[in-house]
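Reading the structure
This is what each chain is made of:
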Amino acid sequence: MLNSQISLSELSKMSGPSQAERAVLEEEFNWLLKEEVHAVLKQLQDILKEASRRFSMPTPGLESQLKQENFILGSSTHHHQQQQFSNLPGFESMTSMDQVKGVLTLQGEALTQADINLKTAKSNQVMHFTFRDDKHWKFQQIQDARNHVNQALQLLSSRDESYHFKTGAEVNKLMDAVMLQLTRARNRLTTPAAMTLPELATSGLTKMFTPPMPSDVMVNFYINLSKLCLTVYQLHPMQPNTTKNFRPSGSSVLHNPGAMFELNNAKFEVSQVHKVECVVPWLNNTLLFFTISLQLCQQLKDKISVFSSFWNYRPF
């Protein structure tokens, strides 16, 4: 059992650091504010500049500087990645890679070409579609992530090496603001937007192809983590006598067979869903940059909290 009799000298030791210890702590804390904080800010800027560079937009006249990369949909890497999802509902529709094959060309945030072969359930014929020459599809997810990275860089560059942080709270406030932008950037890549089927039908994606996609086919492209995903929906119109069972589906990243929607007074049901994807290595690296940057921010905050816990009062 703990001895309830504690001497006054022991009590004074527990109450906090001595005058000499306090002086050393203050000196170390001032060094942290003056030197180490700026070293971390420089490290963060270097990492995030590299992440931002990968997100770059093709500049008119300088498109060749941003390399075009081709990715094969439904490659063996993709199949391996899918193993862990085999227990998900609708998985059988995801793995039907013989139904949809293609190559996507990505340049920064823009999908500059999509070459897709689609085998339809109705005719069992293979249809071939490509983007029209005048069409590019820009990924809003990549645009948004880049904007958040640039906002984080602006926050960091607003405190250059000549700036002297006076309190730990001031550093924490900056780290919290940077971490918020980095978390938002990461979330844009890890969480694709949920859309309703009418939103997909009117998104303009189907009008980008030549020859035009048939009216009973819809497509969607999105980023999920380090993967570029293509979902193809095959539809069939619902007969008037079956519409009493009509229940329109809500928003979703991936709609399942049987989902229903109404467009221009006509009702449709999703008959088949095919999802294929490919891994984009630079997206994987970018997510890693976000993780490292968030850890650096948190480590700096932790160091400040260690110092503050040595004082009986808050030093900031």
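Heads up: the structure comes first, above all this text.
Just so we're clear, the structure is a prediction, and the values are computed from it rather than from any experiment.

A separate point is the packing of aromatic side chains. Under the defined criterion, the tally for this structure stands at 5 aromatic pairs. Their ring planes at 25° and their centres at 5.4 Å tell us that Phe-261 and Phe-268 sit as a pair that is stacked. When sorted by exposure, Phe-261 lands in the same class as Phe-268, which is buried. A connected cluster of aromatic rings, assembled from ring pairs, spans Phe-129, Phe-131, Phe-209 and Phe-221. Across the ring face of Tyr-163, the terminal group of Arg-159 is positioned such that the distance to the ring centre comes to 4.5 Å.

With that settled, consider the side chain of Ser-52. With respect to the helices and strands, Ser-52 occurs in helix α2 (residues 19-54). Among the polar contacts listed, one links the side chain of Ser-52 to the side chain of Asn-150, at a separation of 2.9 Å. Non-local contacts of Ser-52, meaning those with residues more than four positions away in its chain, are made with Arg-146, Val-149, Asn-150 and Leu-153.

Attention now goes to the sheet that holds strand β10 (residues 266-279). Strand order in the open sheet made by the 4 strands is β7-β8-β10-β9, with antiparallel pairing throughout. The open sheet terminates on both sides in strands that have one partner only, identified here as β7 (217-224) and β9 (260-263). Each neighbouring strand pair of the sheet contributes to a mean axis angle of 35°, computed without reference to strand direction. Where β7 meets strand β8 (residues 227-237), 8 bridges bridge the pair, whose relative direction is antiparallel. Residue pairing across strands places Val-219 opposite Val-232, the latter belonging to β8.

Now for the packing of α2 against helix α5 (residues 140-157). Packed helices, taken two at a time, are described by the angle their axes make and the gap between the axes. One can describe the packing of α2 onto α5 by two numbers: an axis separation of 10 Å at closest approach and a directional angle of 155°. For the element pair α2 / α5, the angle class is roughly antiparallel. For the element pair α2 and α5, the recorded crossing hand is left-handed. Between α2, through Leu-41, Leu-44, Gln-45, Leu-48, Lys-49 and Ser-52, and α5, the contact on the second element is made entirely by Arg-146, Val-149, Asn-150, Ala-152, Leu-153, Leu-156 and Ser-157. Of the residues assigned to the contact of α2 with α5, the class counts are 7 nonpolar, 4 polar and 2 charged.

Glancing now at the nonpolar core. Membership of the largest hydrophobic core comes to 64 residues, with the highest contact counts inside it found for Leu-189, Phe-209, Phe-221, Leu-228, Leu-230 and Phe-290. Not counting residues within four places of it along the chain, the set of residues in contact with Phe-209 comprises Ala-114, Ile-116, Phe-129, Thr-130, Phe-131, Arg-132, Val-219 and Phe-221. Core analysis: the second largest hydrophobic core is formed by 12 residues, Ala-259, Phe-268, Val-270 and Val-273 among them.

The end-to-end C-alpha distance of helix α6 (residues 168-190), which contains 23 residues, comes to 32 Å, matching closely the 33 Å that a straight helix rising 1.5 Å per residue would cover. Within the sequence span of α6, burial applies to Gly-168, Val-171, Asn-172, Leu-174, Met-175, Val-178, Met-179, Gln-181, Leu-182, Ala-185, Arg-188 and Leu-189.

Cut-offs used in this document
- Residues numbered from 1 in each chain as written.
- Predicted model: local features only at pLDDT ≥ 70, side-chain atom pairs only at ≥ 80, totals over all residues.
- Heavy atoms only, no water.
- Phe/Tyr/Trp six-rings, centres within 6.5 Å; stacked < 30°, edge-to-face > 60°.
- Buried < 20%, exposed > 50% of the residue type's maximum accessible area, 1.4 Å probe, protein only.
- Lys NZ or Arg CZ within 6 Å of the ring centre and 35° of its normal.
- Helix = DSSP H or I, 4+ residues; strand = E, 2+ residues; numbered from the N terminus.
- Polar contact = N/O pair within 3.5 Å; in protein donor to acceptor, adjacent residues only side chain to side chain.
- Contact = heavy atoms within 4.5 Å.
- Pairing = 2+ DSSP bridges.
- Axes fitted to C-alpha atoms, helices over the stretch in contact; angles between N-to-C directions.
- Parallel < 35°, antiparallel > 145°, perpendicular 65-115°, else oblique.
- Left-handed = near helix turned anticlockwise from the far one by under 90°.
- Nonpolar A, V, L, I, M, F, W, Y, C, P; charged D, E, K, R; others polar.
- Core = buried A, V, L, I, M, F, W, Y, C linked by side-chain atoms within 4.5 Å.
- Expected span 1.5 Å × (residues − 1).

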